[in-house]
Amino acid sequence: MPTAVKTRRSSFRNLLLKKREELLASSRRQPEALATSLRTPDEVEFAIKTAQQDVTAATAELHSRMLREVESALKRVAGGTYGVCEGCGEEISPHRLKAIPWARYCLTCQELRSKN
Ligand SMILES: [Zn+2]
């Protein structure tokens, strides 16, 4: 494997590890946010807290989904298949990986998939 590719993979690995840390840190904050909303507020406050709780739940869901993507990307780094499109087997462009380090598909395959 050319050194340039190795270097690129390890820098994406660092990106992914950092992202995973972020996601783990924010999920650790979650229980606290939920506990706060369990106090007995007046009705208006209750409505606001309920809305916030919905957002919290949606964010938690999004975070856990992203965390799964990041973990699976890290596995691909370890297995040496990182940066290869799961659809067509071509290399995913470094530009795309910079924007979405856990991308599984190249732009073409991603577009095809979202159309179907
Ligand atoms: Zn592809």
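Residues numbered from 1 in each chain as written. Predicted model: local features only at pLDDT ≥ 70, side-chain atom pairs only at ≥ 80, totals over all residues. Heavy atoms only, no water.

Considerations on the overall build of the chain
Then comes step 1: A count of helices and strands for the chain gives 4 helices and 0 strands.
Then comes step 2: Written out in order from the N terminus, the α and β elements of the chain read α-α-α-α.
Then comes step 3: Put simply, the chain has 116 residues, and 26% of those count as buried.
Then comes step 4: When contacts within the chain are restricted to residue pairs at least 6 apart in sequence, those whose partners lie at least 24 apart make up 54%.
Then comes step 5: Per element, the accessible surface of the chain, about 8200 Å² overall, is 57% carbon and sulfur. (Helix = DSSP H or I, 4+ residues; strand = E, 2+ residues; numbered from the N terminus. Buried < 20%, exposed > 50% of the residue type's maximum accessible area, 1.4 Å probe, protein only. Contact = heavy atoms within 4.5 Å. Areas by Shrake-Rupley, 256 points an atom, 1.4 Å probe, with all protein chains shown as cover.)

Things to note about the packing of aromatic side chains
Then comes step 1: For the structure on display, the rule yields 1 aromatic pair.
Then comes step 2: Arranged with centres 5.8 Å apart and planes meeting at 50 degrees, the rings of Phe12 and Tyr82 form a pair that is tilted. Pair noted here: Phe12 is in helix H1 (residues 3–36) and Tyr82 is in the loop between helix H2 (43–79) and helix H3 (94–99), with a separation of 70 residues, a long-range link.
Then comes step 3: What makes Tyr82 buried here is its relative accessible area of 1%. (Phe/Tyr/Trp six-rings, centres within 6.5 Å; stacked < 30°, edge-to-face > 60°.)

Considerations on the side chain of His63
Then comes step 1: Turning to its location among the elements, His63 is positioned in helix H2.
Then comes step 2: Overall, the relative accessible area of 19% leaves His63 in the buried class.
Then comes step 3: With near-sequence residues (within four places) excluded, His63 lies in contact with Leu23 and Ser26.

Remarks on the coordination of the zinc ion
Then comes step 1: Those donors, Cys85 (SG), Cys88 (SG), Cys106 (SG) and Cys109 (SG), are the protein atoms that reach the zinc ion, and they lie 2.3 Å from it.
Then comes step 2: Read from N- to C-terminus, the donor residues coordinating the zinc ion fall into the pattern C-x2-C-x17-C-x2-C. When sorted by exposure, Cys106 lands in the same class as Cys109, which is buried. (Donors = N, O, S within 2.8 Å, 3.2 Å for Na, K, Ca; no water.)

Overview of the pattern of salt bridges
Then comes step 1: Inspection of every chain in the model, using the stated rule, returns 6 salt bridges.
Then comes step 2: Arg20 is paired through a salt bridge with Glu71; the nearest N and O atoms lie 3.4 Å apart. Of this pair, Arg20 sits in helix H1 while Glu71 sits in helix H2; the two residues are 51 residues apart in sequence, bridging distant segments of the chain.
Then comes step 3: With a relative accessible area of 33%, Glu71 lands in the partly exposed category.
Then comes step 4: Of the charged contacts in the structure, one is a salt bridge between Glu61 and Arg65, with a shortest N-O distance of 3.4 Å. Of this pair, Glu61 and Arg65 both sit in helix H2, 4 residues apart, which is roughly one turn of the helix.
Then comes step 5: Counted as one network, the salt bridges with shared partners bring together Glu69, Arg76, Glu86 and Arg104. (Salt bridge = Lys/Arg side-chain N within 4 Å of Asp/Glu carboxyl O.)

So yeah, pure geometry; function would need other evidence.
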